[in-house]
Structures are given as structure tokens and as C-alpha cells.
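Here's the letter readout for the chains.
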Amino acid sequence: MTSSRGRTVLAALLPVALLLIMSPLADLIAALLPVRASEVSWRFGAYGLLVNALVTPILGLSIITVTSALRERRRATVTVSAVNALLALLLIGGFALFVLDYFQLRQAVGAASRGAYDAAAFKAMIVAALEAGVLGWLAVVGFRAASVGSEAPQRDRRSGRVGLVVQVEDDAPR
């Protein structure tokens, strides 16, 4: 699909994509340790940090999706598309818990701080919804690209078939 120069450049994008994914995730893991999942405030903060940290890794995942599709690496395209779909589902599931934690914690927030608390929570909700949409779309596009690549040779073979050709001479009297 691409020239040899294009393939060389595309191959060089993989380490860049991995750096975009791993660096923010390492920071996120360091910020979330120790895990205190039973604490409402920790869960609320963890989801907010996750949502803010995912913007750059989504860029890395999109680079891998495009690169694997252009290099016609079907298995890699399907794998990264599955990761995108899984992340979208996790964001949606976490969104529901985040909203519940938001209402539970809001009662404990003082009246003076409630505006900032609401603004931060709504920003996280909007970004999470956008990220889930982008990841879902990346998954759909990646799966389509993987299936188009696998069906294209079959379509070419079918359209190139001639079948049985019979020639009848028209010598019979009329």
C-alpha cells in the first residue's frame, strides 16, 4: 500500500507512539499508588486523573492504529482496535461510578468550594465522554481497516473470474 520510504517512516512512528502511551501512564500509576479503591475520594480523584492522563496515550494509540493499517498489519490493527474498544468501555463504566461518587462527595464539599468542585467534575465528565467516543471510533475504524485488507484479495479474485465460456456456431439453417 505504501512505498518503501513510507514504510520506513511508518516503522519509526511506533517508538514515538509507545513513548506517548507509556510516559503519562507511568506518571498516572505513580500518582495513584497506594490503591485505596474503598475510599470514595480516592476513586473520584483516580478517575479524574485517568481521564486527564489519557489524552496523550490516545494520540499514541491512534498513531499505532493508522500505522498498522497503512503497513497492512492486520493482526496489529485488530489488537490495537480491541484495546481501543476496551478502553472506551472502561471509560463508560467508570463514568457511571464517577457520577455516583460525585454526588456522594458533593455533600461533604463546603459551599465556598462547591463551584470549583462542580467545574472540575463536569470537565472530567465531558473529557471522559469525548475520549470514550474517540476510542470507540478508533476501534470501529481499525476493525474496518483490518477487514477491508483481508477481503480485498478475495474480491479481486472473484471479479477476475471468467467462468465457463461456450461458443456456439451459427451454422444452423433458419
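All figures in this text were calculated on a predicted structure; none of them were measured in a lab.

Draft legend 1. Spatial organisation of helix H4 (residues 74–106). Look at H4: 47 Å from first C-alpha to last across 33 residues, which is about the 48 Å you get at 1.5 Å a residue. If you check which residues of H4 are buried, you get Thr 77, Val 80, Ser 81, Asn 84, Ala 88, Leu 91, Gly 94, Phe 98, Asp 101, Tyr 102 and Leu 105.

Draft legend 2. Layout of the packing of helix H1 (residues 4–32) against helix H3 (residues 55–70). In contact at an axis separation of 8 Å, H1 and H3 are set at 155 degrees when each is read in the N-to-C sense. Between H1 and H3, the angle is such that the two are roughly antiparallel. Judged by the sense of rotation from one axis to the other, the crossing of H1 with H3 is left-handed. Here Leu 10, Leu 13, Leu 14, Ala 17, Leu 18, Leu 20, Ile 21, Pro 24 and Leu 25 of H1 lie close against H3, whose contacting residues are Thr 56, Pro 57, Leu 59, Gly 60, Leu 61, Ile 63, Ile 64, Thr 67 and Leu 70. Taken together, the residues of the contact of H1 with H3 break down into 15 nonpolar, three polar and no charged.

Draft legend 3. Here's a closer look at the side chain of Ser 68. Here Ser 68 lies in helix H3. Non-local contacts of Ser 68, meaning those with residues more than four positions away in its chain, are made with Arg 73, Ala 76, Thr 77 and Val 80.

Draft legend 4. Region of interest: the pattern of salt bridges. Applying the stated rule across the entire model yields three salt bridges. Its salt-bridge partner being Asp 101, residue Arg 43 comes within 2.9 Å of it at the nearest N-O pair. Of this pair, Arg 43 sits in helix H2 (residues 40–53) while Asp 101 sits in helix H4; the two residues are 58 residues apart in sequence, bridging distant segments of the chain. Under the relative-accessibility criterion, Asp 101 is labelled buried at 6%. A salt bridge links Asp 118 to Arg 106; its shortest N-O distance comes to 2.8 Å. Placement of Asp 118 in helix H5 (residues 114–160) and of Arg 106 in helix H4 is noted, with a sequence separation of 12 residues between them.

Analysis parameters
- Residues numbered from 1 in each chain as written.
- Predicted model: local features only at pLDDT ≥ 70, side-chain atom pairs only at ≥ 80, totals over all residues.
- Heavy atoms only, no water.
- Helix = DSSP H or I, 4+ residues; strand = E, 2+ residues; numbered from the N terminus.
- Expected span 1.5 Å × (residues − 1).
- Buried < 20%, exposed > 50% of the residue type's maximum accessible area, 1.4 Å probe, protein only.
- Axes fitted to C-alpha atoms, helices over the stretch in contact; angles between N-to-C directions.
- Parallel < 35°, antiparallel > 145°, perpendicular 65-115°, else oblique.
- Left-handed = near helix turned anticlockwise from the far one by under 90°.
- Contact = heavy atoms within 4.5 Å.
- Nonpolar A, V, L, I, M, F, W, Y, C, P; charged D, E, K, R; others polar.
- Salt bridge = Lys/Arg side-chain N within 4 Å of Asp/Glu carboxyl O.

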